[in-house]
Amino acid sequence: MYDYLIVGSGLFGATFARQATDAGRKVLVIDKRPNVAGNVYTEDVEGIHVHKYGAHIFHTNDKKVWDYVTRFADFNRFTNAPVANYRGELYSLPFNMYTFNKMWGVVTPEEAKAKIDEQRAEITGEPRNLEEQAISLVGRDIFEKLVKGYTEKQWGRDCKDLPAFIIKRLPVRLTFDNNYFNALYQGIPIGGYTKLIENLLKGVEVRLNCDYFDHRDELDALAEKVVYTGPIDAYFGYRLGALEYRSVRFETELLDTPNFQGNAAVNYTDRETPWTRIIEHKWFEFGKDAEGNDLPKTVISREYSSEWKPGDEPYYPVNDARNGALYAEYKKLAEAEKKVIFGGRLGEYKYYDMDQTVAAALALCEREL
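Here the structure is a predicted model, which means the values were calculated and not measured.

A. How the structure looks around the overall build of the protein. Per the secondary structure count, the protein includes 12 helices and 16 strands. Scaling as 2.2 N^0.38, a compact globule of 369 residues should have a C-alpha radius of gyration of about 21 Å, and the protein matches this with 22 Å. Taken over 369 residues, the protein has a buried fraction of 53%. For the protein, restricting intrachain contacts to residue pairs at least 6 apart in sequence, the fraction spanning at least 24 positions comes to 72%. Carbon and sulfur atoms make up 49% of the accessible area of the protein, which amounts to about 17,100 Å² in all. For the protein, the distance from the average site of its 48 positive side-chain charges to the average site of its 57 negative ones is 2 Å.

As C-alpha cells, this is what we get:
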C-alpha cells in the first residue's frame, strides 16, 4: 500500500514525490507518456537538448524556490532576450530603448517617453478590449507591429474580441535592457530539464506508459491519497462540459547548419506568418555540447498556436468569464473528493510559471506532510 499515488511526473508531481519520499512516505508516480518530466521534457538530438513541448526558461525572484531546484541540477546563466521579426524588421523584446530607436529613431529616454505618451492619448476612458488596452499602454505603432498579429495568432481571435485584462501590463523600459524576465535568478538546467526531473525522482517508484483513466479503480485502491495533476474536467469525465485551452503544435527540424537565427527565440509578430515563433534550442546552452565544443548542427521548432480539442495537449487555460465560472463548479466537485488533491496547471486550471509550480507543490507539502 502506498501513501500517495501521484498522477503525472511533471514539475508539480516530481516535487511532491521528492518531498513525500524524504518525509518517509511511500509514493508511486505514474505517467501516461513513455518518459518523465511532463511538458518540461527535453530530449537529446545530436547533443542538443530539445525542449519538446515548447521553450522553458526557469526564472524566479523566490530564493527558496531557486535554492530548492538548484539542489537537483546546476543551472547555466541563460538570459531570455527574444527578438521580434515583423515582416523582416527585427526589434528587441521586451520593449526598450533599442526597440524605440528602431521604431522611431529616438535616442533619449525622454524622446521615447514623449512618443509613447503622444500615441497612448488616442485611447480615452476605460479600454473596452485588448486592442484599446494595448494602445493605452504602448501606443499605436508598437501595438500594430509587435502586439496585434502575435496576440491574434496566439489566441485565435481578433484583438478587438479579446478582453482587456489579458494585457494588464506590457513592459516598457526606458533603458537598453533586453533581459526579458528581469528575475533575480534565471537559467536552464545544465543537461536539460529531463535530468532535473530524474534527479527529483531518484529512488521513487515510477510507472510510465500508464494512463490513470485506463486503470483508475485499481490504481486508486493502491494508495491512501491521490495527487492528481491532469486536467480537472477530465477527472470528472467532462460532466459539466469541457474547459477551454489553447494548444501549441510544433514542427521541429534538424538542420545541417551551425546557426539558423542566432538567438534562442524569434517571435513572428505579423499576422500572415502562420507560426508564432521559432525556437533554436542550442542557444539555451550557448551552442555548446557537454564538453564545451561548438555543435555543428542545429534544431529549430516552429510553434503554431491552435484551439484545443480532445487528443491535443492542453497548454494555456482560457481564463475568461465563462471558463472561470465552469472551473468554479469543477472546483466544488474537487473539494468534495476527500481522497484526492488537485494540483498544477491543469489540476487547478491556472497558468503557472515553473517557479510558481514548484512553490505551489512545496506549499502543498508543508500542509500535507
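B. Up close: the packing of helix α5 (residues 130-138) against helix α6 (residues 140-155). Relative to each other, α5 and α6 sit at 140°, their axes nearing to 9 Å. The angle between α5 and α6 falls in the class oblique. Of the two possible hands of crossing, α5 and α6 adopt the one that is right-handed. Along the contact surface, α5 presents L130, E131, A134, I135 and V138, while α6 presents R140, I142, F143, V147, K148 and T151. The residue makeup of the contact of α5 with α6, split by class, is seven nonpolar, one polar and three charged.

C. Looking closely at the packing of aromatic side chains. Within the structure shown, the criterion is met by 28 aromatic pairs. Judged by centre distance (5.0 Å) and plane angle (80°), the rings of Y4 and F16 are edge-to-face. On the criterion of sequence distance, the pair formed by Y4 in strand β1 (residues 2-7) and F16 in helix α1 (residues 11-22) is long-range, its members being 12 residues apart. As far as burial versus exposure is concerned, Y4 and F16 are alike and both buried. Following the ring pairs from residue to residue traces out a cluster consisting of Y212, F213, Y228, Y235, F236, Y330 and F342. Here the basic side chain of R249 rests over the ring of Y304, its NZ or CZ set 4.2 Å away from the ring centre. Positioned above the aromatic ring of W283, the side-chain terminus of K282 is 5.4 Å from the ring centre.

D. Looking closely at the sheet that holds strand β13 (residues 277-280). Within the open sheet, the seven strands sit side by side as β7-β6-β12-β13-β14-β11-β15. Their pairing is mixed. Either end of the sheet is taken by a strand with one partner, and the two such strands are β7 (89-92) and β15 (316-317). With three bridges joining them, strand β6 (residues 83-86) and strand β12 (residues 265-268) adopt parallel strand pairing. Along β12, the bridge assignment pairs N85 with Y268.

E. The arrangement of the pattern of salt bridges in detail. Inspection of every chain in the model, using the stated rule, returns 31 salt bridges. With a shortest N-O distance of 3.0 Å, E89 and K145 are connected by a salt bridge. Of this pair, E89 sits in strand β7 while K145 sits in helix α6, and the two are 56 residues apart along the sequence. We classify E89 as partly exposed; its relative accessible area is 28%.

The rules behind each value
- Residues numbered from 1 in each chain as written.
- Predicted model: local features only at pLDDT ≥ 70, side-chain atom pairs only at ≥ 80, totals over all residues.
- Heavy atoms only, no water.
- Helix = DSSP H or I, 4+ residues; strand = E, 2+ residues; numbered from the N terminus.
- Rg over C-alpha atoms; globule rule 2.2 N^0.38 Å.
- Buried < 20%, exposed > 50% of the residue type's maximum accessible area, 1.4 Å probe, protein only.
- Contact = heavy atoms within 4.5 Å.
- Areas by Shrake-Rupley, 256 points an atom, 1.4 Å probe, with all protein chains shown as cover.
- Lys, Arg positive; Asp, Glu negative; His and termini not counted.
- Charge placed at Lys NZ, Arg CZ, Asp CG, Glu CD.
- Axes fitted to C-alpha atoms, helices over the stretch in contact; angles between N-to-C directions.
- Parallel < 35°, antiparallel > 145°, perpendicular 65-115°, else oblique.
- Left-handed = near helix turned anticlockwise from the far one by under 90°.
- Nonpolar A, V, L, I, M, F, W, Y, C, P; charged D, E, K, R; others polar.
- Phe/Tyr/Trp six-rings, centres within 6.5 Å; stacked < 30°, edge-to-face > 60°.
- Lys NZ or Arg CZ within 6 Å of the ring centre and 35° of its normal.
- Pairing = 2+ DSSP bridges.
- Salt bridge = Lys/Arg side-chain N within 4 Å of Asp/Glu carboxyl O.

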